[in-house]
Structure formats: structure tokens, C-alpha cells
Amino acid sequence: MHYLSTRGDATPRKFCDILLEGLAPDGGLYLPVAYPVLSGDDLARLRKVYAEQGYAALAFEILSLYIDDIPAADLKALCEKTYTPAVFGTREITPLKKLQDASTGAAPTEMYLQALSNGPTLAFKDMAMQLLGNLFEYELQRRGEQLNILGATSGDTGSAAEYAMRGKQGIRVFMLSPHGRMSAFQQAQMFSLQDANIHNIAIEGVFDDCQDIVKAVSNDLAFKRQYKIGTVNSINWARLLAQVVYYFAGYFQASETIAKERWEGFSGVSFTVPSGNFGNICAGHVAREMGLPIERLIVATNENDVLDEFFRTGIYRVRGAADTHETSSPSMDISKASNFERFIFNLLGDDAELTRTLFAEMLPQQGFFDLSQHPRFKEARARFGFYSGKSTHADRLATIREVHEKYGITIDPHTADGVKVARPYIQPGVPMIVLETALPIKFAATIREALGREPERPLQFDGIEDLPRRVQVMPADTAAVKQLIVETCA
Ligand SMILES: *Cc1c(COP(=O)(O)O)cnc(C)c1O
């Protein structure tokens, strides 16, 4: 399997060539030259693998279709080391919980939550990041190289990266976060890590200041090369690929129930995905292209509705800082969706020239592009199954309350956006799977506002706020951050 750039650079590259890289040299995102397509027999075999051997074996089967530059035995060992019940809490790794079972007409209508947030940091990013940590360590050792990961976080990404990279050979993490602005639980999660290779840097500023410093350091190419600066952001193809696996696991679990209940005319499942940078749902798109029977892929946004606007109107209009709202589902607060280019490339029939024009010329020049009159825009729904919707703070609170009252389950604000947006798109006979992207304890303030009480706290996090902290507070100054990296690497 080879990889190419969405903007046309077709230098043949293998999986491990792009594993440690960010963007392609032409500024595009990497995609496989083609998605492997599975037959009905292949799907039946994968279903059996998942049922009999578990999630790690399923992950190995799917990853093998895209990775041919890691020996199979090694890749299998990496999957087995990553997806264990000890790390993710259950044998299924991403178990389904049934939310709704109301009959409408001939076929029952069901809604499920697929739990993706039982990993070490209680958000779905662990699903990919835990694998990435093991892949990075493996590949760096193979090359005899080191990597200094520099990142900026407002919460979930930073902690997922740190828990994935802690104690790993050849890797250091420098994670910038806005001083005093993450939730108390998120701060405690990150700052209580005592591993020598993890460096928490609280910047006196806002998230954008942190991101600007990361950009400034990365733009200093000499420094970047000398200090082997890398990233783990969501455009990394390996992260996206790891996420493809749980769409299969969700489908197999939901259709298992159906086989037992003998539904007539079962055609597939739908997924609703609380979305920000379009990484999670892009993995669903890849799974669907591979032949997984997915009816609909529903993009759920919060008040930052860049993506909902595109799927409704065909206009993709990125927002400025002033138009990017701070919401109570903060991990979806985006001004542009960094993985979106992958889908647009496929939507346009893999037209790299047009993709390049849209993302490298029109967006920077005018701040939007308009595909409403393009003949392929209607394919987003007709051919690719995409729908969308938006949820607000009031919707979030109402949904958290309703799900708690009816089913006795507390959901987090991001998952609530998913449940809210999913409802009008449920079809009779098609199970609707809403991806649960975080646990409520991470966002306690909103849970208190909705339910008037504290969310439940998994046992292992008892008293985490009282643990000793390892964090340095620094001014929003690129030179100071560089100096810290230089001293640490000395
Ligand atoms: C990152 C994140 C999202 C958004 O996922 P994308 O892949 O960026 O679309 C949604 N919910 C939670 C809890 C997250 O951490």
C-alpha cells in the first residue's frame, strides 16, 4: 500500500514513511492510493475474528490492509500490547449500551452509545493515541532515532498524548496548555504525571498563544531538524486508521443483536459522531468506503457549526478567532476542520488539482469555498451518506437531563450533542450508534448545571486533584520554550 497527498504530490510513500510526518511536503494530507474493499465473506471473517479473538485481533486485520512495511508478527504484537481489557476496561474495548428501544411501525428503532472513552484519559482520543505511542516507539527504535513531540492542548489531546507516550523509549513530550484554563480534572490528569519524559508547560495566555508558539518553533526548520521536533496532531494518518477499527466493532455488535432478533430487511447501521476536526467521522467515511454497511454518517457540531453549514449549503467557511465560540463541549470548538480536506478530495473524485485550488488558494485568499453548484456536492449525501446537525448549550443540558432520567445514564456534553443531532435521522430498522467521545467526569461543571450533582468518578481517579504536580509556568514566549527544549535535550 502506498500513500499520496490530497494536493497531488504522488512520490510513493509507505506507512512508516508518513507515520512520523505531519503534512505532506505540498501542504496536503496523506491518503492511501485506494481504500481496500471488503467482500461479504471478508466481513463475515472479520466478525468471527472479533467475536472469537477480540478487538486487538480485529485491529490487526484492518491495519494489515494498510501497513505492509512492518512485519506481521510485530504489528500483531503492537495491537495486542495496545488494546487490552486492562487499559480499556472491557473485553469488547468499545462496548455498546442500548439507549432507546421504541417501536415505530414494522421495525424497531434502536439507539446505542458506543463507549470509546474508557481508556486512560477518558476520551476517545486514547483509542488512536495509545496505538500511536507504541508505533512511534517501535519505529524510532528500528531507526535508532529520537523524537521530541511538541504540542498545544486545551484538554483532551494533550492528556491522551502524554498517557500514550509516558515512559516510551526515544520520545519526549513538551505539552503547552493555557495556564489555569483547563478543567480542574484535566489539569490534574496531565500535571500529576511524574514520568521523566513528560514536560507540562503552562503558558500565561490562551490556547491560541500556545498554538502560535508551536507553529513558530515548527517554522524554524533548522531548530526543528536539530531537535527532532514532531507532532501528534489529528491529521496523522495512523491516528485516523486506528479509529477505523471501532466502526467495525460497533457494526458487529449492533448487528449481532439484530441477527438474534431476526429483523427483516436489515441493511446496515448509522453512526452519529460529535465532531470538531473531522478526524473521528473521517474514519467512519473510510470504513464505509471499505464496504462496511453504514447507511448514514451524521456529523454533530456544537455552536461552532462550520461543518453543519457545509453539509447543509455546500459552503465551507472557516471562522476567525472572534467567531469561534467557547462552548460547554470545548473539544469541538474549532474554527476550521483540519481533516476535512481528506473527505473533500474523495467527494471531488480524488481530484488533487481542484482540492489544491480550494484549500491552498481559495480558503487562504477569501476565507471560504463554495461547492453548492458543483455537481458532486449532492454526492455528499447520495453517495457518501453524510448528514449533519447542530446542538447548543441549552440542547446539551436538556439532552443530558433526558438521557439521565429515561435511562439512568450520565453522558458528557460532547456525547449529548451527538444524541441530540442523531434523533431526527433515526430510520426504522437501522440501529443508530452515537459515539460516546468522553466521560462526564471530565466536564463536571456542565453536569452540575444539568443535573445539579457531581458526575460519577471512576475509582482510579479518586483524589487525583491532590497528587503532587509536575508543571512549569512560563510566559507566552517562543524563545523561552525553545530554551527549555534545548536544556532538556542537553
Ligand atoms: C477531540 C474530540 C472531539 C472531536 O473529534 P474530531 O476527531 O476532532 O472531530 C469530540 N469529542 C471529544 C470529547 C473530543 O475529545
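Residues numbered from 1 in each chain as written. Predicted model: local features only at pLDDT ≥ 70, side-chain atom pairs only at ≥ 80, totals over all residues. Heavy atoms only, no water.

**A few points about the sheet that holds strand β5 (residues 147-152)**
Strand pairs in the sheet, formed through backbone hydrogen bonds, run parallel or antiparallel to each other. Note the cut-off: Should DSSP find at least two bridges between two strands, the strands are taken to pair. Strands here mean DSSP runs of E at least two residues long; helices mean DSSP runs of H or I at least four residues long; both are numbered from the N terminus. Two residues form a contact once any of their heavy atoms are found within 4.5 Å. All axes here are fitted lines through C-alpha atoms, helices being fitted over the stretch that makes contact, and every angle between N-to-C directions spans 0 to 180 degrees.
One open sheet accounts for five strands, arranged β8-β5-β6-β7-β15; its pairing is parallel. Two strands bound the open sheet, and with one partner strand each, they are β8 (229-230) and β15 (472-475). Taken strand by strand, helix α6 (residues 125-143) contacts β5 and β6 (171-178), and its axis lies near 140° from that of β6. Of the strands in this sheet, β5, β6, β7 (198-204), β8 and β15 touch helix α20 (residues 478-489), which is tilted by about 155° from β6.

**Description of the packing of aromatic side chains**
The following threshold applies: Between the rings of Phe, Tyr and Trp (Trp by its six-membered ring), a pair exists once the centres lie within 6.5 Å; its type follows the angle of the planes, with under 30 degrees stacked, over 60 edge-to-face, and the other angles tilted. Exposure categories follow from relative accessible area, calculated using a 1.4 Å probe and restricted to protein chains: below 20% of the type maximum is buried, above 50% is exposed, and the middle band is partly exposed. In our convention, an over-ring charge means Lys NZ or Arg CZ found within 6 Å of a ring centre and within 35 degrees of that ring's normal.
Under the definition given, this model contains 30 aromatic pairs. Seen in terms of ring centroids, Phe311 and Phe343 are 5.8 Å apart; in terms of plane orientation they differ by 45°. Their pairing is tilted. Taken together, the positions of Phe311 in helix α13 (residues 306-313) and Phe343 in helix α14 (residues 340-347) put the pair 32 residues apart, joining distant regions of the chain. The residues Phe311 and Phe343 share a single accessibility class, namely buried. Each ring, one from Tyr387 and one from Tyr425, has its centre 5.3 Å from the other, and the planes form 55°; the classification is tilted. In this pair, Tyr387 is assigned in strand β13 (residues 386-390) and Tyr425 in the loop between α18 (413-422) and β14 (432-436), connecting sequence segments 38 residues apart. A residue is classified by how much of its surface remains accessible, and Tyr425, at 17% relative accessible area, is buried. Each residue in the set Phe278, Phe310, Phe311, Tyr316, Phe340, Phe343, Phe359, Phe369, Phe377, Phe384 and Phe386 is aromatic and connected to the rest through ring pairs, giving one cluster. The cationic tip of Lys482 hangs over the ring face of Phe223; the distance from NZ or CZ to the ring centre is 5.3 Å.

**Some points on unusual backbone geometry**
One non-glycine residue, Leu122, lies in the positive phi region at around 65°. Judged by its relative accessible area of 2%, Leu122 is buried. Phi is positive for Lys228, close to 50°, though the residue is something other than glycine. For Lys228, the position within the fold is in the loop between α10 (221-226) and β8. When its relative accessible area of 40% is taken as the criterion, Lys228 is described as partly exposed.

**Digging into the site of the ligand**
Stated formally: Any residue with a heavy atom positioned within 4 Å of a molecule or strand is treated as near that molecule or strand. Whenever two N or O atoms come within 3.5 Å, that pair is a polar contact, provided that in protein one can donate a hydrogen and the other can accept it, and provided that, for residues adjacent in sequence, both atoms are side-chain atoms. Using the Shrake-Rupley algorithm and a 1.4 Å probe, accessible areas are obtained, with residue cover drawn only from the displayed protein chains. Residue polarity is assigned by list, with Asp, Glu, Lys and Arg as charged and Ala, Val, Leu, Ile, Met, Phe, Trp, Tyr, Cys and Pro as nonpolar; anything else, Gly included, falls into the polar class.
With respect to spatial proximity, 15 residues lie near the ligand, and among them Lys125, Asp156, Gly276, Asn277 and Asn280 are the closest. Between the ligand and Gly279, the relevant distance is 3.2 Å, taken from an oxygen atom to a main-chain nitrogen or oxygen of the residue. In the complex, 96% of the free accessible area of the ligand, which totals 380 Å², lies under the protein chains. The class makeup of the residues in the shell around the ligand is five nonpolar, eight polar and two charged.

**Some words on the pairing of β6**
Rule in force here: By the criterion used throughout, a crossover qualifies as right-handed when its path from the first strand across the helix to the second strand runs clockwise, the strands pointing away from the viewer.
The buried fraction of β6 amounts to seven of the eight residues, a majority that puts the element mostly inside the structure. In this structure, β5 lies alongside β6, joined through six bridges in parallel fashion. Within β6, the residue paired with Asn148 across the bridge is Arg172. Taken together, β5, helix α7 (residues 156-165) and β6 form a β-α-β motif whose crossover is right-handed. The pairing of β6 with β7 spans six bridges and is classified as parallel.

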